[in-house]
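Remarks on the overall topology
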Amino acid sequence: LQDQFDNLDKHTQWGIDFLEKYAKFVKERIEIEQNYAKQLRNLVKKYCPKRSPKDEEPRFTSCIAFFNILNELNDYAGQREVVAEEMGHRVYGELMRYSHDLKTERKMHLQEGRKAQQYLDMCWKQMDNSKKKFERECREAEKAQQSYERLDNDTNATKADVEKAKQQLNLRTHMADENKNEYAAQLQNFNGEQHKHYYIVIPQIYKQLQEMDERRTIKLSECYKGFADSERKVIPIISKCLEGMILAAKSVDEHRDSQLVIDCFKSGFEPPGDFPFEDYSQNIYRTISDGTISTPKQEGMRIDTKTTVGKAKGKLWLFGKKPKPQSPPLTPTSLYTSSTPNGSQYPIFSIEPVHYCMSDIKTGKPRIPSFRSLKRGVSL
């Protein structure tokens, strides 16, 4: 990977981006846990009973069990808050700190790699310049040699021209030799720096980047584990909360609740007795010769409703609506006398004598002749 510096740069940047992406995931999970705990507490607060006197406290086992479940749910919400807090400190906070340190370390290693690459590029440029200069001097020396050979073979050329061409050739040859040595030195230096760059400097930088990336992977693994441990730590307490809910459910006693209802609403009254039969047809089925109304057979069995109603007044009637008091039946004897507000009694007409007279008029012979027969003087 000596020549993959740019790709390693992209990979390490991707690693940091992935680390921050996971940190963002943990942050959103923390917000979910916090909102969940808050909503649970609001739910418990909504359904918890208001403070009331001791005489209004719930006595039914089903109500007491429900309130115990609310208390356990409130503790459960507290454990969700503990999970959010643990994730915030152990996972999210650690990830953000490590991400900052990782960026700083990555930046330092990349700067070292770029410096090494820049130094190698500088050595290459020096070597390339010396090479080009050596090449140029060699071409000039070749031209000087060709010019010298042409003048040396020319019979018409003067000795001064030949000598001048020879000196020019020697100068160019000397310059070419010097550039050759310079180029050789630069080439040797570049080869050494290139070997050092690709076999010592860059591998060392890449090794540091590799260790950094491996530490990032290890940190992610630790955070994954911490993410799960944050919730696993509270599982025993959450289990106790759930066990408390189960115990509250088992504590419900339907027989006890029923007995409480009985004790709360019982009045102590006996169930009402049978209503007597009241015969209203006794005035119809009577003996003609007797001319009297028979006395009801069940007169002595009538219940004093006024007394019964007076006792039940102001108390709860368990068996439905309170029966309306029945007025005593109208009897012939009750029509003879009546009481006034001052306590005195005065006689009133009874239905029985009047009825008897009317019956006698219908069945007997007329004792007084009609007005028509009296007028005519005819006797019956």
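Residues numbered from 1 in each chain as written. Predicted model: local features only at pLDDT ≥ 70, side-chain atom pairs only at ≥ 80, totals over all residues. Heavy atoms only, no water.

Looking at an unreviewed UniProt entry, the protein chain carries the name FBP1L protein, with the source organism given as Callaeas wilsoni.

Now for the overall build of the protein chain. Broken down by element type, the protein chain carries 8 helices and 2 strands. Going residue by residue from the N terminus, the α and β elements of the protein chain occur as α-α-α-α-α-α-β-β-α-α. When each of the 380 residues of the protein chain is scored for burial, the buried share is 24%. A fraction of 79% describes how many contacts in the protein chain between residues 6 or more apart in sequence connect residues 24 or more apart. Accessible surface for the protein chain amounts to roughly 28700 Å². Of this, 55% is attributable to carbon and sulfur atoms. (Helix = DSSP H or I, 4+ residues; strand = E, 2+ residues; numbered from the N terminus. Buried < 20%, exposed > 50% of the residue type's maximum accessible area, 1.4 Å probe, protein only. Contact = heavy atoms within 4.5 Å. Areas by Shrake-Rupley, 256 points an atom, 1.4 Å probe, with all protein chains shown as cover.)

Applying the stated rule across the entire model yields 20 salt bridges. When the shortest N-O distance is used, the salt bridge between E231 and R29 registers 2.9 Å. In this pair, E231 sits in helix α3 (residues 159-232) while R29 sits in helix α1 (residues 5-47), placing the two residues 202 residues apart along the sequence. Exposure remark for E231: the relative accessible area of 27% places this residue in the partly exposed category. With its nearest N and O atoms 3.6 Å apart, the salt bridge here joins D229 to R90. Linking D229 in helix α3 with R90 in helix α2 (residues 61-153), this pair joins segments that are 139 residues apart in sequence. (Salt bridge = Lys/Arg side-chain N within 4 Å of Asp/Glu carboxyl O.)

Time to look at the side chain of S230. By the element assignment, S230 lies in helix α3. At a separation of 2.7 Å, a polar atom in the side chain of S230 contacts the main-chain carbonyl oxygen of G226. Here S230 is in contact with V83, E86, M87 and V91, once residues within four sequence places are set aside. (Polar contact = N/O pair within 3.5 Å; in protein donor to acceptor, adjacent residues only side chain to side chain.)

A few words on the packing of aromatic side chains. Going through the model one piece at a time under the given rule, you end up with 7 aromatic pairs. Between W14 and F18, the ring centres sit 5.6 Å apart and the planes meet at 20°, which makes this aromatic pair stacked. On the criterion of helical spacing, the pair formed by W14 and F18 is a turn pair, its members being 4 residues apart in helix α1. A centroid spacing of 5.9 Å and a plane angle of 50° characterise the contact between F66 and F67, whose relative ring orientation is tilted. Clustering of aromatic rings is evident, with ring pairs tying together Y22, F25, Y224 and F227. (Phe/Tyr/Trp six-rings, centres within 6.5 Å; stacked < 30°, edge-to-face > 60°.)

A word on the environment of V162. Along the chain, the position of V162 falls in helix α3. A C-alpha to C-alpha distance of 9.0 Å links V162 and R150, two positions 12 residues apart in sequence. Setting aside chain neighbours within four positions, we find V162 in contact with Y148, L151, D152 and A157.

Looking now at helix α5 (residues 254-265). Here α5 spans 17 Å end to end across 12 residues, near enough to the 16 Å set by a 1.5 Å rise per residue. For α5, the N-terminal capping position is held by D253, with its side-chain oxygen 3.2 Å away from the main-chain nitrogen of H255. (Expected span 1.5 Å × (residues − 1).)

Moving on: the packing of α2 against α3. Running from N to C, α2 and α3 cross one another at 170°; their axes reach a closest spacing of 7 Å. As far as their axial angle goes, α3 and α2 are roughly antiparallel. Looking at the contact of α2 with α3 residue by residue, the classes come out as 36 nonpolar, 16 polar and 23 charged. (Axes fitted to C-alpha atoms, helices over the stretch in contact; angles between N-to-C directions. Parallel < 35°, antiparallel > 145°, perpendicular 65-115°, else oblique. Nonpolar A, V, L, I, M, F, W, Y, C, P; charged D, E, K, R; others polar.)

Let us now look at a nonpolar patch on the surface. Taken together, W14, F18 and Y224 make up a surface patch of nonpolar side chains, about 310 Å² in accessible area. Given the relative accessible area of 49%, W14 is considered partly exposed. (Patch = residues over 30% accessible without salt bridge, like charges linked within 9 Å, V, L, I, M, F, W, Y side chains within 5 Å.)

What follows covers the environment of H100. Looking at the element boundaries, H100 is found in helix α2. Taking relative accessible area as the criterion, H100 reaches 53% and is therefore assigned exposed. The spatial distance from the C-alpha of H100 to the C-alpha of I16 is 9.3 Å, given a sequence separation of 84 residues.

With that out of the way, let us pick up the packing of α1 against α2. Contact geometry of α1 with α2 gives a least axis separation of 8 Å together with a crossing angle of 165°. On the basis of their axis angle, the class for α1 and α2 is roughly antiparallel. Where α1 crosses over α2, the handedness of that crossing is left-handed. (Left-handed = near helix turned anticlockwise from the far one by under 90°.)

For the rest of this paragraph, the subject is the nonpolar core. Counting residues in each nonpolar core, the largest one holds 33 residues, and the members touching the most others are Y22, V26 and L95. Of all elements in the fold, only α1, α2, α3 and α4 (235-250) reach the threshold of two or more residues within this core. With 12 residues, the top contributor of residues to this core is α2. What Y22 contacts, discounting residues up to four positions off in sequence, is V91, L95, L220, C223, Y224 and F227. (Core = buried A, V, L, I, M, F, W, Y, C linked by side-chain atoms within 4.5 Å.)

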